[in-house]
Amino acid sequence: MITPTPRTVTLLDVARAAGVSKSTVSDALQGSGRVAEATRDRVRAVADELGYRPNSAAQRLRRAGTGAIGLHLPRTATRLDYYMALAFGAVERAQQEGLDMVLLAPAGGAAGRLASRVDGLLVIDPETDDTAVPGLLEAGVPVVTGERYPGPSPTPTGAVVCDNAASLTALLDHVRDRGARRPTLLAPEGTSAWAEALRATAASWGTAHGTEVVLRTVPFAATPTDTEAATLGLLRTDPSIDAVICAPDGAAPGVLRAASALGRGVGADLLVASCVDGPAPRNANPPVTAVDLRPAAYGHACAELLCDILAGRTAPDTVRRHAWDLVTRTSTTGL
């Protein structure tokens, strides 16, 4: 067992403990130089055990860095609780690395110019029709996306992804277990990986269970008024619908209002769930079953991957997985 030093661990400490030169340690940790794989693994293991952390300020001086990373959010994200929580999580992790966070303007030209003044970029839920994204991916700095970029090349440097097909499958399985036989999905418009996964999963789940999932598209950032109108139209046209899963963040209360207007008992003859948890589902009456995507932790994970790539702790092209939780509430359990 190697005993960590009580002060800040340096490259020289790692070199002495690993029995190699300081330059070999530097090359091994940055993934550069001609270092044997076994030596590289040994150096990294020793660095981890000693608790070595790269000197971010020194690294920025060596590469003439800016000490900042950029954050690009979807154009409709500014009023959504999910993205605000995600942004705070990303900022927290960047600050731990000594980096500032710069929120990029949604316009493609402005974002492209700012990208040249940051060390790396976070691009969250990139859409193929977002004209800013290709310029950001070609900005010449490492780019980590939150969810995969479904468009053509260029490809990002790394990504943090959720299994969105699995989360919607869990919701559909849950309402089916609670007795629903004709569910509907208020699916988001758009070309993000999240939106496309939800629409595709609704179709494949319906085929697998021999039960059509009625699909109605609504805006990516649909308001409760949008989902109320959509739900009223669906239930009036097809009263046999017995479960409504609402995808957009914060819009589930509109489904509840529509159900109340039509005299449907939420949690009894109509089950209601949300693909995104947050204050709106939690505080609704009744509280709404939802998928907790843990947005603050997700933002933290995205920033951590970018920091790891910038510091040479992680190789480019890394994809990390982010976990979600299904939170059941009165809107589907009736309890």
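Provided above is the structure to which this section pertains.
Since this is a predicted model, take the numbers as computed values, not measurements.

Trainee: Teacher, can you tell me more about the state of the cysteines here?
Mentor: Every disulfide links exactly two cysteines, by a covalent bond between their sulfur atoms. Using the criterion set out here, one finds zero disulfides in the structure. Here Cys275 stays unpaired: no disulfide links it, and the sulfur of Cys246, its closest cysteine neighbor, is 7.6 Å away. Judged by its relative accessible area of 4%, Cys275 falls in the buried class.

Trainee: Honestly, the pairing of strand S1 (residues 68-72) in this entry has me stumped. Any pointers?
Mentor: It is a general feature of regular strands that their side chains alternate between the two faces of the sheet. The element S1 is largely enclosed, with a buried count of five among its five residues. Side chains of S1 alternate between two faces, with Ala68, Gly70 and His72 and Ile69 and Leu71 buried alike. Alignment of S1 against strand S2 (residues 100-103), held across four bridges, turns out to be parallel. Bridge pairing in S2 links Leu71 to Leu103. Tracing the backbone out of S1, into helix H5 (residues 81-96) and back to the parallel element S2 gives a crossover that is right-handed. The pairing of S1 with strand S3 (residues 120-124) spans four bridges and is parallel. Bridge pairing links Ile69 to Gly120 in S3.

Trainee: It is not clear to me how unusual backbone geometry should be interpreted in this structure. Could you clarify?
Mentor: Excluding glycine, residues mostly have negative phi values, and the peptide bonds linking residues are mostly trans. Residue Pro286 is reached from Asn285 by a cis peptide bond, and omega for that bond is 5°. Inspection of the secondary structure puts Pro286 in the loop between helix H12 (279-283) and strand S10 (289-292). The residue Arg294 is not glycine, and still its phi comes out positive at about 50°. Of note, Arg294 is situated in the loop between S10 and helix H13 (295-310). Taking relative accessible area as the criterion, Arg294 reaches 31% and is therefore assigned partly exposed. Backbone geometry places Asp317, a non-glycine residue, at a positive phi of 70°.

Trainee: Teacher, can you tell me more about the sheet that holds strand S12 (residues 325-327) here?
Mentor: Strand pairing in a sheet relies on backbone hydrogen bonds, with the paired strands running either antiparallel or parallel. The strand order S7-S6-S8-S9-S10-S12 describes an open sheet built from six strands, whose pairing is mixed. Where the open sheet ends on each side, the last strands, each with one partner, are strand S7 (214-218) and S12. Recorded for the sheet is a direction-independent mean angle of 20° between the axes of neighbouring strands. Along the sheet, helix H9 (residues 193-209) contacts strand S6 (183-188) and S7; its crossing angle with S6, the most-contacted strand, is approximately 160°.

Trainee: Looking at this model, I keep getting lost on the side chain of Ser192. Mind explaining?
Mentor: Positionally, Ser192 belongs in the loop between S6 and H9. Residue classification places Ser192 among the buried residues on the basis of a relative accessible area of 0%. Not counting chain neighbours up to four residues away, the residues in contact with Ser192 comprise Asp125, Pro126, Glu127, Pro150 and Phe220.

Trainee: Sorry if this is basic, but what is going on with the environment of Ala77 here?
Mentor: Along the chain, Ala77 falls in the loop between S1 and H5. Judged by its relative accessible area of 1%, Ala77 is buried. Taking C-alpha positions, Ala77 is 9.8 Å from Asp249, a pair spaced 172 residues apart along the chain. In this view, Ala77 contacts Tyr83 and Met84; residues no more than four positions away in its chain are not counted.

Trainee: Please clarify how the pattern of salt bridges should be interpreted in this entry.
Mentor: It is possible for side chains bearing opposite charge to pair when their charged atoms get close. Considering all chains together, one arrives at 13 salt bridges under this definition. For Arg182, the salt bridge goes to Asp238, with nearest N and O atoms at 2.5 Å. Pair noted here: Arg182 is in the loop between helix H8 (164-177) and S6 and Asp238 is in the loop between helix H10 (224-237) and strand S8 (243-246), with a separation of 56 residues, a long-range link. Of the residues examined, Arg182 reaches a relative accessible area of 24% and is grouped as partly exposed. What makes Asp238 buried here is its relative accessible area of 17%. Each of Arg93, Glu97, Glu304, Asp308, Arg313 and Arg320 takes part in one network of salt bridges that share partners.

Trainee: For this particular structure, what's the right way to read the sheet that holds strand S5 (residues 158-162)?
Mentor: Taken together, six strands build an open sheet; the order of strands is S2-S1-S3-S4-S5-S11 and the sheet is parallel. Each of the sheet's edge strands pairs with one partner strand only, and the pair in question is S2 and strand S11 (319-322). Geometrically, the sheet is characterised by an average inter-axis angle of 20° between neighbouring strands, direction not taken into account. In this structure, S3 lies alongside strand S4 (residues 143-146), joined through four bridges in parallel fashion.

The rules behind each value
Residues numbered from 1 in each chain as written. Predicted model: local features only at pLDDT ≥ 70, side-chain atom pairs only at ≥ 80, totals over all residues. Heavy atoms only, no water. Disulfide = S-S within 2.5 Å. Buried < 20%, exposed > 50% of the residue type's maximum accessible area, 1.4 Å probe, protein only. Helix = DSSP H or I, 4+ residues; strand = E, 2+ residues; numbered from the N terminus. Pairing = 2+ DSSP bridges. Right-handed = clockwise from strand over helix to strand, strands pointing away. Axes fitted to C-alpha atoms, helices over the stretch in contact; angles between N-to-C directions. Contact = heavy atoms within 4.5 Å. Salt bridge = Lys/Arg side-chain N within 4 Å of Asp/Glu carboxyl O.

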